[in-house]
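So the chains spell out like this:
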Amino acid sequence: MLIFMRETNLSPEQMAKRLGVSNMTIRRWMKRTTEEKLPPIYEKIFWEAVYQMVVEGLLLPGSVFAQKAVKGSQKLYFKAAMKSLGFTKSKQSLPRFSMVAIRESLSQIGAQEGHQLEVEKKQKKILSFVRFGRDWKRRISTLMKVVSSKSLSRKDKLVAYGALFYLVCPLDLIPDNVPVFGLLDDYCVLGLASEHYIEKYKMLAG
């Protein structure tokens, strides 16, 4: 705690206010050795405060504390995203990077009935993404043709359902509110899925 406070230049009183504890508690923690851990009840509060201080610029991103906080936050976000996308606990790891593996993952996402219903319910939101440009429009149009096609089986549509659900999923692998990069994963997923259908079913291109 003493090392941490030196890095942030916060007084015990300021630190106590941020963590929601008494000044006396902070001063007691400052006397702990570096090997001693905080009580479990305060661990989560502490790392959330560290993360917030990085955002505010009070703590340098290269700090050991900052790195540990960001790593923990990323791990939690990744678990939440995988759960939101419908992957089981045993499958919660990044798939190997190959077109086949990505299509298999999208097919797994699209195979869930709830996800298919979500795509059908949120067509207006899906179509709102075409405003980002011609490529977005082409990719989304192709996948929308797939899910509405009478000539394709439900199984043939799974990759399209998976990609469109990924687009509207509240939690995906890169948060959508991240400037520029937030929609990059959505754009790539739509591209991979639409190319799969353009190659396999030429009549759906355009």
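Residues numbered from 1 in each chain as written. Predicted model: local features only at pLDDT ≥ 70, side-chain atom pairs only at ≥ 80, totals over all residues. Heavy atoms only, no water.

### Digging into the overall build of the protein chain
- Each helix and strand in the protein chain was counted, giving eleven helices and zero strands.
- The order of helices and strands in the protein chain, counted from the N terminus, is α-α-α-α-α-α-α-α-α-α-α.
- In the protein chain, which comprises 206 residues, the proportion classed as buried is 36%.
- Long-range pairs, those at least 24 residues apart, make up 56% of the contacts in the protein chain with a sequence separation of at least 6.
- Accessible area of the protein chain: about 12,800 Å², with a carbon and sulfur share of 60%. (Helix = DSSP H or I, 4+ residues; strand = E, 2+ residues; numbered from the N terminus. Buried < 20%, exposed > 50% of the residue type's maximum accessible area, 1.4 Å probe, protein only. Contact = heavy atoms within 4.5 Å. Areas by Shrake-Rupley, 256 points an atom, 1.4 Å probe, with all protein chains shown as cover.)

### Here we look at the pattern of salt bridges
- Applying the stated criterion across every chain yields a total of six salt bridges.
- Taking the shortest distance from any N to any O, the salt bridge between Glu-195 and Arg-138 comes out at 3.4 Å. Here Glu-195, found in helix H11 (residues 184–200), pairs with Arg-138, found in helix H9 (residues 134–148); they are 57 residues apart in sequence, far enough to count as distant.
- Note on Arg-138: relative accessible area 28%, which makes it partly exposed.
- Counted as one network, the salt bridges with shared partners bring together Glu-118, Lys-121 and Lys-122. (Salt bridge = Lys/Arg side-chain N within 4 Å of Asp/Glu carboxyl O.)

### Quick word on the packing of helix H2 (residues 12–19) against helix H3 (residues 23–30)
- One way to put it is that H2 packs onto H3 with a least axis distance of 8 Å and a crossing angle of 110°. Relative to H3, the element H2 is oriented roughly perpendicular. Here Pro-12, Glu-13, Met-15, Ala-16 and Leu-19 of H2 lie close against H3, whose contacting residues are Asn-23, Ile-26, Arg-27, Trp-29 and Met-30.
- Residue composition of the contact of H2 with H3, by class: seven nonpolar, one polar and two charged. (Axes fitted to C-alpha atoms, helices over the stretch in contact; angles between N-to-C directions. Parallel < 35°, antiparallel > 145°, perpendicular 65-115°, else oblique. Nonpolar A, V, L, I, M, F, W, Y, C, P; charged D, E, K, R; others polar.)

### Structural notes on H3
- Looking at H3, one finds that the buried residues are Thr-25, Ile-26 and Trp-29. The arc that holds every buried residue of H3, seen down its axis, measures 100°, which confines them to one face. (Arc of directions from axis to C-beta.)

### What about the confidence of the model for the protein chain?
- A residue-level look at the protein chain finds 83% of positions with pLDDT of 70 or above and a mean pLDDT of 81.
- Note on residues 90–95: pLDDT is under 50 here. Beyond four places in sequence and across chains, it has twelve contacts. (pLDDT = per-residue confidence, 0-100.)

### What about the nonpolar core?
- Counting residues in hydrophobic clusters, the biggest one holds 31 residues, and the most contacted among them are Leu-106, Ile-126, Ile-140, Leu-143, Leu-164 and Leu-190.
- Of all the secondary-structure elements, those providing two or more residues to this core are helix H5 (64–85), helix H6 (99–110), H9, helix H10 (158–168) and H11.
- Here this core takes nine residues from H10, the largest share from any one element.
- Those residues in contact with Leu-143 that lie beyond four places of it in its chain are Ala-160, Ala-163, Leu-164, Leu-190, Ala-193, Ser-194 and Tyr-197.
- Counting residues in hydrophobic clusters, the runner-up holds 18 residues, among them Ala-16, Val-21, Ile-26 and Phe-46. (Core = buried A, V, L, I, M, F, W, Y, C linked by side-chain atoms within 4.5 Å.)

### Digging into unusual backbone geometry
- A positive phi angle is found at Asn-9, which is not glycine, with a value near 60°.
- Among the secondary structure elements, Asn-9 is positioned in the loop between helix H1 (2–8) and H2.
- The exposure class of Asn-9 is exposed, given its relative accessible area of 67%.

### Digging into the environment of Leu-158
- If you trace the backbone, Leu-158 turns up in helix H10.
- Residues Leu-158 and Gln-112, spaced 46 residues apart in sequence, show a C-alpha to C-alpha distance of 8.9 Å.
- Setting aside anything within four residues of it in sequence, one finds Leu-158 in contact with Leu-106, Ser-107, Gly-110, Ala-111, Gln-116 and Tyr-197.

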